[in-house]
Each structure stands twice: as C-alpha cells, then as structure tokens.
Amino acid sequence: MAKNDVKVLGAWPSPYVMRPRIALNIKSVNYEFLEETFGSKSELLLQSNPVHKKIPVLIHGDKPICESMIIVEYIDEVWTSGPSILPSDPYDRAIQRFWAAYVDEKWFAAMRGLRSAQGEERKAFLDQVTEGLALLEEAFGKCSKGKAFFGGDRIGLLDIAFGSFLGWLKVTEKVNGVKLLDEAKTPGLVKWAERFCADAAVKSVMPETEKLLEFSKVLAAKMKGAPPPKN
Amino acid sequence: MADEVVLLDFWPSMFGMRVRIALAEKGIKYEYKEEDLRNKSPLLLEMSPIHKKIPVFIHNGKPVCESLIIVQYIDDVWKDKCPLLPTDPYQRAHSRFWADFVDKKVYEVSRKVWATNGEEKKAGKKEFIEIFKILEGELGDKPYYGGETFGFVDLSLIPFYSWFYAIETLGEFNLEAECPKIVAWAKRCLQKETVAKTLPDQKKVYEFVGQMRKRFGLE
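Conventions adopted
- Residues numbered from 1 in each chain as written.
- Chains lettered and ligands numbered in written order.
- Predicted model: local features only at pLDDT ≥ 70, side-chain atom pairs only at ≥ 80, totals over all residues.
- Heavy atoms only, no water.
- UniProt positions renumbered as here; feature names shortened; annotations may be inferred.
- Helix = DSSP H or I, 4+ residues; strand = E, 2+ residues; numbered from the N terminus.
- Domains from an automatic or database assignment.
- Contact = heavy atoms within 4.5 Å.
- Buried area = accessible area lost by both parts, 1.4 Å probe.
- Salt bridge = Lys/Arg side-chain N within 4 Å of Asp/Glu carboxyl O.
- Nonpolar A, V, L, I, M, F, W, Y, C, P; charged D, E, K, R; others polar.
- Core = buried A, V, L, I, M, F, W, Y, C linked by side-chain atoms within 4.5 Å.
- Buried < 20%, exposed > 50% of the residue type's maximum accessible area, 1.4 Å probe, protein only.

1. Describing the UniProt feature "domain: GST N-terminal" (unreviewed entry) in chain B
- With numbering matched to this structure, UniProt assigns "domain: GST N-terminal" (unreviewed entry) to residues 3–82 of chain B.
- Between the first and last C-alpha atoms of residues 3–82 of chain B the distance is 18 Å; the span itself is 38% helix and 21% strand.

In structure tokens form, the structure reads like this:
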C-alpha cells in the first residue's frame, strides 16, 4: 500500500494522536505523519475535521476519520489481515469499550484537573486519579485473565486507550512528586505499563518523559494565554 | 436455551430509550425494570458500580453499561436481524462519529435550556439551535441519518424528540422554524412502530421536567 494513501494529522505530545499510530503499527500499515504546528490549525485539519477541528484525524485515501477511538476501531475493521485489536467476543468488546470510555471521560479528566489545581482541589483530583487507578487495576485482572495485556497476549483496544496516557502519567508523577502507579497498590498495572511501553508498536511513538515534561512547561505557559489545540 | 434479558431504566431517559428502540427493532423480549433514581435499587448498584447510572442491560446475568455501548453489543449479539450499524468500515466510523457528537453535545445543551433560567437559559437556547443546525446539515436531504433506513445515528438522536416540547416551551422558541428538516426527520422516525411505542408523550416529559425544575429551585 502506498505510504501517502494513509495519513495521520497530529502532534507528538498528544496521547489521542498516539492511539491511531499504535493501531497502524500493530497492523504494519505505512502512513505519513503530518505534524500540526503547536498553537495553530492547518487548512487540512480544518477541512478534514470541520466539526471539532481537533487532532488526530486519519485520512485514508481521501476519506477523513475523526475521534481517536473511532479511528482505532476503523483501523481494526479495515486491515483485517493484521492482528485483531478488538476482541471477537461481543461481551469482551463491550467491557473494553466501557473502560476506554471511562479512561477518557472520568480518569483523564481528573488527571487534567490535577495539572492546574491547588490545595484542597488538588487533593480531591489526586484522590479521584488514585481511585481510578485502583479500579483499572481490578479491570486489568479481569480483562487480562493472567496474560500480559488487557487484550490478552497482544495489545488491544483498552491497552491502546489507557496506555497512550502513560507518558502524561509519568509527567504528572514528576511534577506533583507522587507515585501514581505503585508496586504495592497497582502491581499489575506497573508491570503492564513496562510491557506496553516496550512493545514494538508503541516504542517509536511514545514520547520520552523528559521531552514531554519540557513540553508541559510550554503548555502551562500557553494556558495562561489562549487554550492550546488538543484531543 | 432462552436468553435472559433485563433492562434497568427510567422512563424519561433518552439514553434508556435508545436501548428500548434497539431491542424493539431486533424483536427481543426483555424484562423492563423501572428505577427510582432517588432510591437506586441494590441490583442497579451491583450491576453499574462505577457510574451507578441507567440504562443497564443485563444479558444472562452479565451487565453492559453506557447506552451506545449497549446498542453496539445488541447489534453484535443479535446480528442476523435488522442491523443497526452499516457493514462498510467507513460508514460505520461515520455513524459512530455522529452518534458520539450527539452524546457529547445534545444532552448538555438540552440541560442548558431546561435546567436554567434568565441569561443562562438564553445562552443555552442559542447553543441548542446551533448544535441542531449542525445536525441538520449532516442530515441534508437524506430521509434518515442512516440513508434510506433508520440506523445507529437516528437511534441515538430520536429519543431527544420526546424532550423537544419541554425545551421549546421553556426556551421560548420553535424548533420547526429554526430546523425544519430535523422536525421532519423526527416525524418520519415516529412513523416507525418501534420508535412510536418507545418514546414517551412529550407533555408527560414536560410535566416531569417541571417537577425537576421545582426540585432544583428553578420554579
């Protein structure tokens, strides 16, 4: 398949952008990564995602697909010769989709809150984040059934959804001086995180923590002005 | 072996209605359990421990939560009858995108009209109309969002029709004047027995909203 048949519009720090890239890597699909300039939106982005004007966008041929988890499911459905990203059992699919939605709507929302909060508010967000991780530890036990990933032997939908946040999780740990993934409280997730980050499909797209930390300072400064393009 | 299917729900919930329509479309028999959301049943708390919300779909004892996840599950399991999602991956992604748009925008913006007063309500009404104009644009001249047949996006949006009377009355506007194609589409959907039998009466919903507003101290 020609490389320029598949394009991903995105930015390297975005966990949402990582998701389709991991999925394409799992399927061994070559793609062109078109990086958006931080602080502005390209014509191509505005044309391909007129509704939300957000990254990532997958452009397959001339067709744009938007919203990171919808893109991941699309990739799984189109490139059927590669390993499956979604489980085949309908109930397992529902469970993975449930937790992926939880990670996006509840857990990462609390992580984001933690970034700018102070005092009591900060403690409240931190509690939410830790409670969420306890739930995800339990979910990991049930979904993995003793195997390496939420998806079993290989990375699946929920691994991609949650794992894409690991870079920012590490930054949050450093900035706040806390340990979020902890051998005592979340042993399963600690080992899973190592395996996820080391996986061939993930390694090349997971940003280095130091680089992300530097970027987070730029982001914080920018947030004092206009809101940055994200999601 | 007969399937045991239970739905924990609340009659005015647009999210619950989505599941009820899907079940009706597939001709699936189920036990409907009405929840009192101010006094949630032990079953609800057991089956939906994270969010404690309805609808909860229980299939042979195993719970599925979140309305669009439930609808996709139903479509996956009872796949031989009346498919709700298209088969083509791009069409599927397109349907999921718009159902997700409905999820992200329509409930919140509806709430900004029925659960507020004064300036907040005025701003809410403006946003509501903007969102529906976007939805109207996506519908275009198609009979349904799904094209020739009622599909996933139609199912995700039509339950809000039962709240239109309440929102129009409280917001003091006429949706038909602002978004005629949306109202025409809704009436077309209501010609389907599955939709007509599922959606509660608009006046009944309006009364319910009135009670909620009193409880919130808005009336």
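2. Concerning the domain arrangement of chain B
Residues and elements named next belong to chain B.
- Its domain assignment divides chain B into domain 1 (5–77) and domain 2 (89–215).
- A separation of 21 Å is found between the C-alpha centroids of domain 1 and domain 2.
- Each side of the interface is counted separately: domain 1 has 16 residues, and domain 2 has 24 residues.
- Summing both partners gives a buried area of about 1,900 Å² for domain 1 against domain 2, and 73% of it is carried by carbon and sulfur.
- Per-residue buried area on domain 1 facing domain 2 is highest for Trp-11, Met-14 and Ile-21; these three make up 33% of the total on that side.
- Joining domain 1 to domain 2, the criterion identifies two salt bridges.
- Elements with a contribution of two residues or more to the side of domain 1 that touches domain 2: α1 (14–26) and α3 (67–77).
- Broken down by element, the residue count for the side of domain 1 that touches domain 2 peaks at nine residues, all from α1.
- Its residues placed into classes, the side of domain 1 that touches domain 2 shows eleven nonpolar, one polar and four charged.

3. Let's talk about the nonpolar core
- Formed by 153 residues in total, the largest nonpolar core has its most connected members in Trp-107 of chain A together with Leu-135 of chain B.
- Broken down by element, the residue count for this core peaks at twelve residues, all from helix α4 (residues 90–116) of chain A.
- Per-domain counts for this core show at least three residues from each of domain 1 (5–77) and domain 2 (89–215) of chain B.
- Sequence-distant contacts of Leu-135 of chain B, that is, excluding residues within four places in its chain, are made with Trp-98, Phe-101, Val-102, Val-106, Tyr-145, Leu-157 and Ile-182 of chain B.

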